[in-house]
Amino acid sequence: FSGIYSGSRYDGNWPLDDDYSNFRSELWLSTDRAFKAAVESMARKRASMNNSNASAESLPDFSKVAPVVSIGKVVRPKVDDQEWTARTSRLAAVFNSTKEVLSSAVELQLIQGPTTLMNSEGTAVRYNDDMYWVYAKAEGQAPDGMLLHDAVSIQSLELDKFPNEAEMRKSFAEVAENVRALVHAPMGEGYSGPVLLEPRAAAQLLAQLVGDNLRVPRRPMSDPGRNVPFAPSELENRLNARVLPDSFDVTDDPTQSTFNGKPLAGFYPFDIEGVPPRPVNVVEKGVLKSFLTTRQPINGFPVSNGHARLPGSYGTFAASIGNLFVKSSETTP
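In this text, all values refer to a predicted model and were calculated from it rather than measured experimentally.

## Some thoughts on the overall build of the protein
In terms of helices and strands, the protein carries four helices and 14 strands. Seen through its C-alpha atoms, the protein measures out along the principal axes to roughly 65 × 60 × 45 Å. Here the protein, with 333 residues, has 30% of them falling under the buried criterion. Across the protein, the fraction of contacts at a sequence separation of at least 24, relative to all contacts at a separation of at least 6, is 66%. Carbon and sulfur atoms make up 52% of the accessible area of the protein, which totals about 21,300 Å². For the protein, the centre of its 34 positive side-chain charges and the centre of its 40 negative side-chain charges are spaced 5 Å apart.

What follows is the structure, given as structure tokens:
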């Protein structure tokens, strides 16, 4: 129900003037509105539960977890703003040598800052939550007018493990070459049948078809006859059913920081609810065995396995994959 009913109370704007009396008045009114709107929302929720079959739902709204205390040392590597600005300009110039690239863009984000979370249950955690990210895209146009594009995204959780400039130039050059090749490629013919996916595309496909459906949001309750937007998981009713070939095993393990010597951007020490993540075997021999969960219980999964990573709908948090490992016992070079 959170977010559906805003209540009928005062909804003012935070003052811009440096005036104590205005701040005090607005703070009091905002607090008053939040409390009374919550009371109205709770009253509507209880009425809906009494007037529908929702009262049969025995799941609690929130699950208990063991408190965690982990105050890590915060380290902030020094960032040379001028050097990174110059490096970004040099990388963007890679596209200038490919005449088929009509437009391009490079975005750089260097985000540093610890995350600190404390709650009334006794959890107190602080940890580095840095993200270093470069995104580049290029666009061309085929002779028949079709717009064609390609892009590359490079992330790292640590500055010293960020790819060097030479490696990034190589990735940018591949994007430019892909656009050039697409511009000169003939129109593809219609086709219906099996396909082979290149490694990057295969990973993205599995992340969307499998990874995005491993979170099962709770259906929000509403007044009878009042529909609310809701996007269920396509795997919600497939537990213990086959969802992949029986040679496939899938595990999500955010506790792994490296794989084959390469750093993994899906590593995190705590989710946004302060829960340490656990490895979850989601698919065993092609059969769906588990889901990724938060502190909002779902049928069959009353506790969190530390995968609350995104803002969810109606005031909740949404589960998301960290490092999704897909293995097959039947492979072909």
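Following the structure, the description resumes.
## Examining the side chain of asparagine 323
Its place among the elements puts asparagine 323 in the loop between strand S13 (317-319) and strand S14 (324-328). Asparagine 323 gets classed as buried once you look at its relative accessible area, which sits at 7%. A distance of 2.8 Å separates a polar atom in the side chain of asparagine 323 from the backbone oxygen of glutamine 256. Apart from the residues within four sequence positions on either side, asparagine 323 is in contact with Thr251, Asp252, Asp253, Pro254, Gln256, Leu264, Gly266 and Phe267.

## As for the pattern of salt bridges
The full count for this structure, using the stated rule, is 10 salt bridges. Notably, a salt bridge pairs arginine 90 with glutamate 165, separated by 2.9 Å at the nearest N-O pair. Of this pair, arginine 90 sits in helix H2 (residues 81-92) while glutamate 165 sits in helix H3 (residues 165-184), and the two are 75 residues apart along the sequence. Judged by its relative accessible area of 34%, arginine 90 falls in the partly exposed class.

## Points about the nonpolar core
Counting residues in each nonpolar core, the largest one holds 21 residues, and the members touching the most others are Phe95, Phe162, Met168 and Phe172. When contributions to this core are tallied by element, the ones reaching two or more residues are H2, strand S5 (131-141), strand S6 (147-156) and H3. Ranked by residues supplied to this core, first place goes to H3 with six residues. Those residues in contact with phenylalanine 172 that sit more than four places away from it in its chain are Leu91, Val94, Phe95, Val106, Val134, Ala136, Val152 and Ile154. Counting 16 residues, the second-largest nonpolar core is a separate cluster that includes Val216, Leu244, Phe291 and Phe301.

## Quick word on the pairing of strand S3 (residues 114-118)
Where S3 and strand S4 (residues 124-128) come together, five bridges link them in antiparallel fashion. Within S4, the residue paired with proline 114 across the bridge is asparagine 128. What sits between S3 and S4 in their antiparallel hairpin is a turn of five residues, with glycine 122 showing a positive phi close to 110 degrees.

## Remarks on the sheet that holds S5
Taken in spatial order, the three strands make up an open sheet running S2-S5-S6, and their pairing is antiparallel. If you trace the sheet from one side to the other, it starts and ends with strand S2 (103-111) and S6, each paired once. Sheet twist, expressed as the average angle between the axes of neighbouring strands with direction ignored, equals 10 degrees. Of the pairings in the sheet, the one linking S5 to S6 comprises 10 bridges and is antiparallel in character. When the bridges of S6 are listed, tyrosine 132 appears paired with serine 156.

## Looking at the confidence of the model for the protein
Mean pLDDT over the protein works out to 90, with 93% of the residues at or above the 70 mark. A low-confidence stretch, residues 1-7 stays under pLDDT 50, and its non-local contacts, those more than four residues away or across chains, total 21 contacts.

## Brief notes about the sheet that holds strand S10 (residues 280-284)
Spatially, the four strands line up as an open sheet ordered S11-S10-S7-S14, and their pairing is antiparallel. Looking at which strands have only one partner, the edges of the open sheet turn out to be strand S11 (287-288) and S14. With five bridges connecting them, strand S7 (residues 248-252) and S14 associate as antiparallel partners. Bridge pairing links valine 250 to valine 326 in S14.

## Side note on the side chain of threonine 294
Looking at where threonine 294 falls in the secondary structure, it is placed in the loop between S11 and strand S12 (308-311). A polar contact is formed between the side chain of threonine 294 and the backbone nitrogen of glutamine 296, at a distance of 3.2 Å. Apart from residues no more than four positions distant in its own chain, threonine 294 is found in contact with Ser63, Glu273, Val303, Ser304, His307, Ala308, Phe317, Ala318 and Ala319.

## Focus: the packing of aromatic side chains
All chains considered together, the criterion is met by seven aromatic pairs. Look at phenylalanine 95 and phenylalanine 172: their rings are 5.8 Å apart centre to centre, the planes differ by 15 degrees, and that puts the pair in the stacked class. Taken together, the residues span a long stretch of sequence, with phenylalanine 95 in the loop between H2 and S2 and phenylalanine 172 in helix H3 at a distance of 77 residues. There is no split in this pair, since phenylalanine 95 and phenylalanine 172 are both buried. An angle of 40 degrees between the planes, with centres 5.5 Å apart, marks the rings of tyrosine 127 and phenylalanine 270 as tilted. With a gap of 143 residues between them, tyrosine 127 in strand S4 and phenylalanine 270 in the loop between strand S9 (262-263) and S10 connect regions that are remote in the sequence. A single burial state applies to tyrosine 127 and to phenylalanine 270, both of which are buried. An aromatic cluster of three or more residues is present, and its members are Trp84, Tyr132 and Phe162. When the ring centre of tryptophan 84 is taken as origin, the NZ or CZ atom of arginine 87, which lies over that ring, is 4.3 Å away.

Thresholds, definitions, all that
Residues numbered from 1 in each chain as written. Predicted model: local features only at pLDDT ≥ 70, side-chain atom pairs only at ≥ 80, totals over all residues. Heavy atoms only, no water. Helix = DSSP H or I, 4+ residues; strand = E, 2+ residues; numbered from the N terminus. Buried < 20%, exposed > 50% of the residue type's maximum accessible area, 1.4 Å probe, protein only. Contact = heavy atoms within 4.5 Å. Areas by Shrake-Rupley, 256 points an atom, 1.4 Å probe, with all protein chains shown as cover. Lys, Arg positive; Asp, Glu negative; His and termini not counted. Charge placed at Lys NZ, Arg CZ, Asp CG, Glu CD. Polar contact = N/O pair within 3.5 Å; in protein donor to acceptor, adjacent residues only side chain to side chain. Salt bridge = Lys/Arg side-chain N within 4 Å of Asp/Glu carboxyl O. Core = buried A, V, L, I, M, F, W, Y, C linked by side-chain atoms within 4.5 Å. Pairing = 2+ DSSP bridges. Axes fitted to C-alpha atoms, helices over the stretch in contact; angles between N-to-C directions. pLDDT = per-residue confidence, 0-100. Phe/Tyr/Trp six-rings, centres within 6.5 Å; stacked < 30°, edge-to-face > 60°. Lys NZ or Arg CZ within 6 Å of the ring centre and 35° of its normal.

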